[in-house]
Amino acid sequence: MISTAKQRLDCWLAALPEGELRAQLLAADDAELEDRFYSELEFGTAGLRGVLGAGTNRMNEYVVRRATQGVADVIIAQGGGSKGVCIAYDSRNMSAEFASAAADVLSSRGVRVYLFNSLRSVPQLSFTLRRLGCMGGIMITASHNPPQYNGYKVYGEDGGQLGPAQAAAVMERIAAHEYFGERVERDDALVSMLSEADDEPYYEATSGLLTYRELLRRRGSELAMVYTPLHGSGYIPVTTILCRAGITNLHVVKEQAEPDGDFPTVSVPNPEDARAYALAMELADRTGANCILATDPDSDRLGVAVRKPTGEFTLLTGNQIAVILIKHILTTRESLGTLPDDGVVVKSIVSTSLADAICRKYGVECLSVPTGFRFISEVIERCSWANGKEFLFGFEESYGFLSGGFSRDKDAILAAMLVAEVCVCCMERGMTLYDYLNGIYEEYGYYREDTRSYSFDGKAGMEHIDAIMQSLRCAPPECLASRRVIAVEDYMAGKGVGDGGEYELDFPRLNMIRLLCEGDMWVCARPSGTEPKIKFYVALRAGSEEEARTLADEAHSALSARI
């Protein structure tokens, strides 16, 4: 082990009491100890995320307490201790314990705490901290990562995840604290427990975004739907909001209804993974449902599977779900005469260009922002100011959707309700959701987006990903899928180079490279900021589904050669 890692290990062994964490270190070999201590978990705009266990490069109570000390420093310096912090947690292992540890630290520092009495979703946290006027929020979750992970997200006063400058300020303060030795004792007078009654304002606001309430009351019970919370926090809020909307013929996958941090029925609790729908598809076949909804553990991402005319189910992409909802919202607002002249739809830069095409038809601005829902929430905040534009919808291709703007992070509960409304509207017209999507393609052309992820292990994996990105920067391909690369955009450098020369990119600095190709095609390479994983995005427009699939496969084949 390098000396720094050895010093960290010695410190932990000297301070850790007898118990599971100490036993993990005593049983580990040198390679594992190196991985546990070679670095500290990096605090970024998505907070902390890592494998559960002992060490500075793991998620554990001591890492959580230290991070919360840094959060407390920033809040106190801003005079926000009396406004307080709202804390929620999902179904992952150790989530409740980490939430309690964060409450201990904050209250011991004189910061008021609002702690949910049981697991809740990301959108409920975001909504509630805004409603209570809190200075910030903490969500204990690792989203859709495998079971061995957990994480720590921090939210700002506006209800969105921290921006880069805010995250940097917290990270600086975290570094000023030790893992051991700081006295922490909860001040019960400063900790208020939030109950089910505190969920009602969220349900009321969400239900208020329905347009066809009378239609749903009249025909909602005719729509058979299947829902799986994938052992996460979505069961109560999703079933509550759908039943209140009139979707009473709702079938929940009982094997996946109970919260369970081991996620025993799936490889990963990810609604992007088709394998997670096996039990839901069996239930849909038994009940005659044509649409399946799935949420991840913290219920910020929604997946949708629809039945094709062949009888088989197909999993919609995040981009497809988004364009369905955009088309529905804009068509409805136009028909009711409520479509604003200054409406705006916001999407991440790696999301589908079909959204731009739909928005152009309706005279709505479609704004692209950097990857990360924080940047969408910043646009929503600007829209909320006096003389601001009207926010209509925001999305990321990674199954994150939002409308309304009363929450400032992805909201799978709201999205599930809107998808159900579209399904009932389709049923009224003798269509299915699959028909509705294909009608969009017939109108605008066939767009395809294909994202593939490559994961590696530990420190060596992070170094390998750095080498891949360096290769793309120094020697980008000249051609992909027989389409010439006409520009290379390096978002770390903030510059693009194309046929017309060099140009500036008006984006925050991000570790991302985008290649623009002839024929309305682009590809993008983006490493994860929290784990050793890299994503390659391919997006294009073609004359048919088959042509688009072939082109996407060819492009990915060329990109994977860099792995």
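Before any of the text, the structure's been laid out above.
Summary of the structure given here. (Residues numbered from 1 in each chain as written. Predicted model: local features only at pLDDT ≥ 70, side-chain atom pairs only at ≥ 80, totals over all residues. Heavy atoms only, no water.)

Comments concerning the sheet that holds strand β12 (residues 343-348)
With mixed pairing, four strands are arranged side by side in an open sheet as β13-β12-β14-β15. At either margin of the open sheet sits one strand with a lone partner, and together these are β13 (365-369) and β15 (400-402). On average, each strand axis in the sheet is inclined to that of its neighbour by 20°, with strand direction left out of account. For β12 and strand β14 (residues 390-396), the ladder comprises five bridges, and the chain directions are parallel. Within the sheet, the bridge partner assigned to V346 lies in β14 and is G394. Relative to β14, helix α12 (residues 318-336) is tilted by about 165°, and along the sheet it contacts β12, β14 and β15. (Pairing = 2+ DSSP bridges. Helix = DSSP H or I, 4+ residues; strand = E, 2+ residues; numbered from the N terminus. Axes fitted to C-alpha atoms, helices over the stretch in contact; angles between N-to-C directions. Contact = heavy atoms within 4.5 Å.)

Here's the deal with the sheet that holds strand β1 (residues 48-51)
One open sheet accounts for six strands, arranged β1-β5-β4-β2-β3-β6; its pairing is mixed. The sheet terminates laterally at β1 and β6 (191-194), the two strands that pair on one side only. Averaged over all pairs of adjacent strands, the angle between strand axes in this sheet comes to 15°, irrespective of strand direction. Helix α4 (residues 61-77) rests against β1, β2 (85-89), β4 (136-140) and β5 (149-155) of the sheet, and its axis sits at about 5° to β5. Strands β2, β3 (113-116), β4, β5 and β6 of the sheet are contacted by helix α5 (residues 95-108), whose axis makes an angle of about 165° with β2.

Topic: the nonpolar core
One finds L293, V304, V419 and L433 to be the most contacted residues of the largest nonpolar core, which totals 101 residues. The element that contributes the greatest number of residues to this core is helix α15 (residues 412-428), accounting for 14 residues. When residues no more than four places from it in sequence are discounted, the contact partners of L433 are C291, V304, V306, L316, I324, V419, V422, C423 and C426. V63, V111, I138 and Y152 belong to the second largest nonpolar core, which has 45 residues in total. (Core = buried A, V, L, I, M, F, W, Y, C linked by side-chain atoms within 4.5 Å. Buried < 20%, exposed > 50% of the residue type's maximum accessible area, 1.4 Å probe, protein only.)

As for the pattern of salt bridges
Scanning all chains against the criterion turns up 46 salt bridges. The shortest N-O distance in the salt bridge between D199 and R120 comes to 3.1 Å. One end of the pair, D199, is in the loop between β6 and α8 (200-207); the other, R120, is in the loop between β3 and α6 (122-132), with 79 residues separating them in the sequence. In this structure D199 comes out as buried when scored by relative accessible area, which is 6%. Of the charged contacts in the structure, one is a salt bridge between R333 and E390, with a shortest N-O distance of 2.9 Å. One end of the pair, R333, is in helix α12; the other, E390, is in strand β14, and 57 residues separate them in sequence. The exposure class assigned to E390 is partly exposed, which follows from its relative accessible area of 32%. Taken together, the shared-partner salt bridges connect K153, D298, D300, D409 and K410 into one network. (Salt bridge = Lys/Arg side-chain N within 4 Å of Asp/Glu carboxyl O.)

Considering the packing of α8 against α15
Where α8 meets α15, the axes come as close as 10 Å, and the angle between the chain directions of the two elements is 35°. In the packing of α8 onto α15, the handedness of the crossing is right-handed. Facing Y202, T206 and S207 of α8, the residues of α15 in contact are I413, L414 and M417. Its residues assigned to classes, the contact of α8 with α15 comprises four nonpolar, two polar and no charged. (Left-handed = near helix turned anticlockwise from the far one by under 90°. Nonpolar A, V, L, I, M, F, W, Y, C, P; charged D, E, K, R; others polar.)

Digging into the side chain of K410
When you line up the elements, K410 lands in the loop between β15 and α15. Each residue touching K410, except ones within four places of it in the same chain, is listed here: V122, P123, Q161, D300, R301, F373, E396, G400 and F401.

Remarks on the environment of D273
In this structure, D273 sits in the loop between β8 (250-252) and α11 (278-287). Exposure remark for D273: the relative accessible area of 14% places this residue in the buried category. D273 sits 42 residues away from L315 along the chain, and the two C-alpha atoms are 8.6 Å apart. Excluding its chain neighbours within four sequence positions, the residues that come into contact with D273 are V268 and L315. Reaching out from D273, the side chain makes a polar contact with the side chain of R275 at a distance of 2.7 Å. (Polar contact = N/O pair within 3.5 Å; in protein donor to acceptor, adjacent residues only side chain to side chain.)

Description of unusual backbone geometry
Even without glycine at this site, S143 takes up a positive phi of about 55°. Counting through the fold element by element, S143 comes out in the loop between β4 and β5. The buried category is assigned to S143, whose relative accessible area is 1%. Phi is positive for F263, close to 45°, though the residue is something other than glycine. Inspection of the secondary structure assignment puts F263 in the loop between β8 and α11. We classify F263 as buried; its relative accessible area is 1%.

A closer look at the environment of S299
Relative to the elements of secondary structure, S299 occurs in the loop between β9 (291-295) and β10 (302-307). Sequence spacing of S299 and V191 is 108 residues, and the spatial spacing of their C-alpha atoms is 25 Å. Once you skip the residues sitting within four places of it in the chain, S299 turns out to touch S121, P123, S233, G234, D411, A412 and I413. Among the polar contacts made by the side chain of S299, one reaches the main-chain amide nitrogen of G234 at a distance of 3.1 Å.

Shape descriptors only; they carry no functional weight alone.
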